[in-house]
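Overview (structure and organization)
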Amino acid sequence: MKTTFGRRTRVLAATTVTAGLVLVAGCSSGDGGSGTKTAAGGVKLVKAGQLTTCTHLPYPPFQSEIDGKVQGFDVSLIDLVADDLGVKQAILDTPFENFKTGAFLNSGECDLAAAGMTITPERKKNVDFSDPYFEATQAVLVNKKSGISSFADLKGKKVGAQAQTTGEDYAKSKGLDPVSFESSDAVLNGLRTGQVQAVVIDYPVVQSWLKDKANAKAFRVAEQINTGEQYGFTVKKGNTKLLAAVNKALAEAKADGTYKKLYEKWIGPYDESAASPSPAA
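An account of the accompanying structure is given in this report. Chains are numbered independently. Their residues run from 1 in the order of the written sequence. Selection of residues for local features in this predicted model requires a pLDDT of at least 70, selection of side-chain atom pairs for listing and counting requires 80 or more, and totals for whole chains, interfaces and linings are taken over all residues. Heavy atoms from the whole structure form the basis of all side-chain values; hydrogens and water molecules are not counted.

**Description of the overall build of the protein chain**
Operational definition: The secondary structure listing takes helices from DSSP runs of H or I that are at least 4 residues long and strands from runs of E that are at least 2 residues long, numbered from the N terminus. Accessible area is worked out with a 1.4 Å probe on protein chains only. A residue is then buried under 20% of its type maximum, exposed over 50%, and partly exposed in between. To be clear on the numbers: accessible area is Shrake-Rupley with a 1.4 Å probe, and residue cover counts the displayed protein chains and nothing else.
Within the protein chain one finds 12 helices and 13 strands. Taken over 281 residues, the protein chain has a buried fraction of 53%. A total of about 12,100 Å² of accessible surface is found on the protein chain, and carbon and sulfur atoms cover 51% of it.

Next up, the structure:
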């Protein structure tokens, strides 16, 4: 996931917050209100009264702007964290490169990052990851008329991927030279317009695309590839209190059935193996 660095960042409203309210500090109940930057449990926030989340749009079904609001699986899960802290979630749309380096966390612009991000040793050097909340696989999506039936068939073909993602890394590791697109929407458009003959991208994103009847009619999954990827949320290194709050919210959501409901709403039929990955090493 990535966008160009010249792109203007913008604060967007999360699922339950309107654009007018997202800029208002101190409007929530609990320790996060009354102008203080300390929320429930002693969690320090970059802005009073809100949990500021860095993301990169669009990346459905995890986060995308729908009817003027940023919604999705990641957004809903972080809303649970915000609720526990007694504040509201506010979302800042930023370049994906910042998630790999932790730049916006280190500069104090965001409290955490939620962007359908794979946990990797390289990224762990710069940020602290939550417990994994999703087991992801890669998918090869092709036009139904392409004749491509597997990843092996991509050799010599024009393949697309989203820049700076593990899908792009995987394609390159197998000897392909993928065309890089700055967003998932651009990846799909590249396939739709014939710029590329196939794309390699996270399977949940493909699932979201194929919910659209026109896409389902035109495209199919040639192969699903288990790359052992796990998604995690990130906080600034050493922010142990916020990390504990995130992990607590995830554990409780899985225990009380909330996670399952959100999974079915945003992703599809509940897959326990994908929903409950073992802790990352």
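This is not the end of the story, as more comes after the structure.
**Here we look at the packing of helix α2 (residues 73–85) against helix α10 (residues 240–256)**
Selection rule: Simply put, an axis is a line fit to the C-alpha atoms, just over the touching stretch for a helix, and the angle between two N-to-C directions goes from 0 to 180 degrees. The labels follow the angle: roughly parallel below 35 degrees, roughly antiparallel above 145, roughly perpendicular from 65 to 115, and oblique for the rest. Take the far helix as your reference; a near helix turned counterclockwise from it by less than a right angle gives a left-handed crossing, and one turned clockwise gives a right-handed crossing. In this analysis, two residues are considered to be in contact whenever any of their non-hydrogen atoms come within 4.5 Å of each other. Polar here means any residue other than Ala, Val, Leu, Ile, Met, Phe, Trp, Tyr, Cys and Pro, which are nonpolar, and Asp, Glu, Lys and Arg, which are charged; Gly is therefore polar.
Following both chains from N to C, one finds α2 and α10 inclined at 115 degrees, their axes separated by 9 Å at the closest point. As the angle between them shows, α2 and α10 are arranged roughly perpendicular. In terms of crossing hand, the pair formed by α2 and α10 is right-handed. Together, L77, L80, V81, D84 and L85 of α2 and L242, A245, V246, K248, A249, L250, E252 and A253 of α10 make up the contact between the two elements. Class assignment of the residues belonging to the contact of α2 with α10 gives a composition of 10 nonpolar, no polar and 3 charged.

**What about the environment of A244?**
Along the polypeptide, A244 turns up in helix α10. Assessed through its relative accessible area of 44%, A244 is described here as partly exposed. The sequence separation of A244 and D131 amounts to 113 residues, and the corresponding C-alpha distance is 9.5 Å.

**Section: the sheet that holds strand β8 (residues 134–143)**
This is how the line gets drawn: In this analysis, strands are considered paired if DSSP registers two or more bridges between them.
The mixed open sheet is built from 5 strands, whose spatial order is β10-β9-β11-β8-β12. On the outer flanks of this sheet lie β10 (179–181) and β12 (219–231), each paired with one strand and no other. Strand-to-strand twist in this sheet, taken as the mean axis angle between neighbours without regard to direction, amounts to 25 degrees. Seen against the sheet, helix α7 (residues 184–192) touches β8, β9 (159–162), β10, β11 (198–202) and β12 and runs at an angle of roughly 155 degrees to β11.

**Re the state of the cysteines**
For clarity, the threshold we go by: The term disulfide is used for any two cysteine sulfur atoms that are within 2.5 Å.
Under the defined criterion, the tally for this structure stands at 1 disulfide. Covalent S-S linkage joins C54 and C110, the inter-sulfur distance amounting to 2.1 Å. Sign of the S-S torsion, about 70 degrees for the bond between C54 and C110, identifies this disulfide as right-handed. Of this pair, C54 sits in strand β2 (residues 50–55) while C110 sits in the loop between α4 (103–106) and β6 (112–113), and the two are 56 residues apart along the sequence. Since its relative accessible area comes to 2%, C54 is described here as buried. For C110, a relative accessible area of 2% puts it in the buried group.

**Some details on the packing of aromatic side chains**
We apply this condition: Each Phe, Tyr or Trp ring (for Trp, its six-membered ring) is paired with any other whose centre lies within 6.5 Å, and the angle between the two planes then decides the class: stacked below 30 degrees, edge-to-face above 60, tilted in between.
For the structure on display, the rule yields 15 aromatic pairs. Note on F151 and Y170: the rings are 5.3 Å apart at their centroids and 65 degrees apart in plane angle, and the pair reads as edge-to-face. Here F151, found in the loop between β8 and β9, pairs with Y170, found in helix α6 (residues 166–173); they are 19 residues apart in sequence, far enough to count as distant. Given a relative accessible area of 13%, F151 falls into the buried group.

**A closer look at the side chain of T53**
Put simply, the rule reads: Residues adjacent in sequence count toward polar contacts only when both atoms are side-chain atoms; beyond that, a polar contact is any pair of N or O atoms within 3.5 Å, and within protein one must be able to donate a hydrogen and the other to accept it.
Tracing the sequence through the fold places T53 in strand β2. Here the side chain of T53 touches Q89 through a polar contact of 3.1 Å, side chain to side chain. Setting aside anything within four residues of it in sequence, one finds T53 in contact with I78, Q89, A90, I91, L92, C110, L112 and A114.

**What to know about the pattern of salt bridges**
Threshold: By convention in these notes, a salt bridge is any Lys or Arg side-chain nitrogen within 4 Å of a carboxyl oxygen on Asp or Glu.
For the structure on display, the rule yields 4 salt bridges. Put simply, K248 and E252 hold a salt bridge, and the shortest N to O gap is 2.9 Å. In this pair, K248 and E252 are both assigned in helix α10, 4 residues apart and thus about one turn of the helix distant. Judged by its relative accessible area of 35%, E252 is partly exposed. For E264, the salt bridge goes to K260, with nearest N and O atoms at 2.8 Å. With a gap of 4 residues between them, E264 and K260 both fall in helix α11 (residues 258–266), about one helical turn apart. Judged by its relative accessible area of 37%, E264 falls in the partly exposed class.

Note that every value here comes from positions in space, so none of it alone points to a role or purpose.
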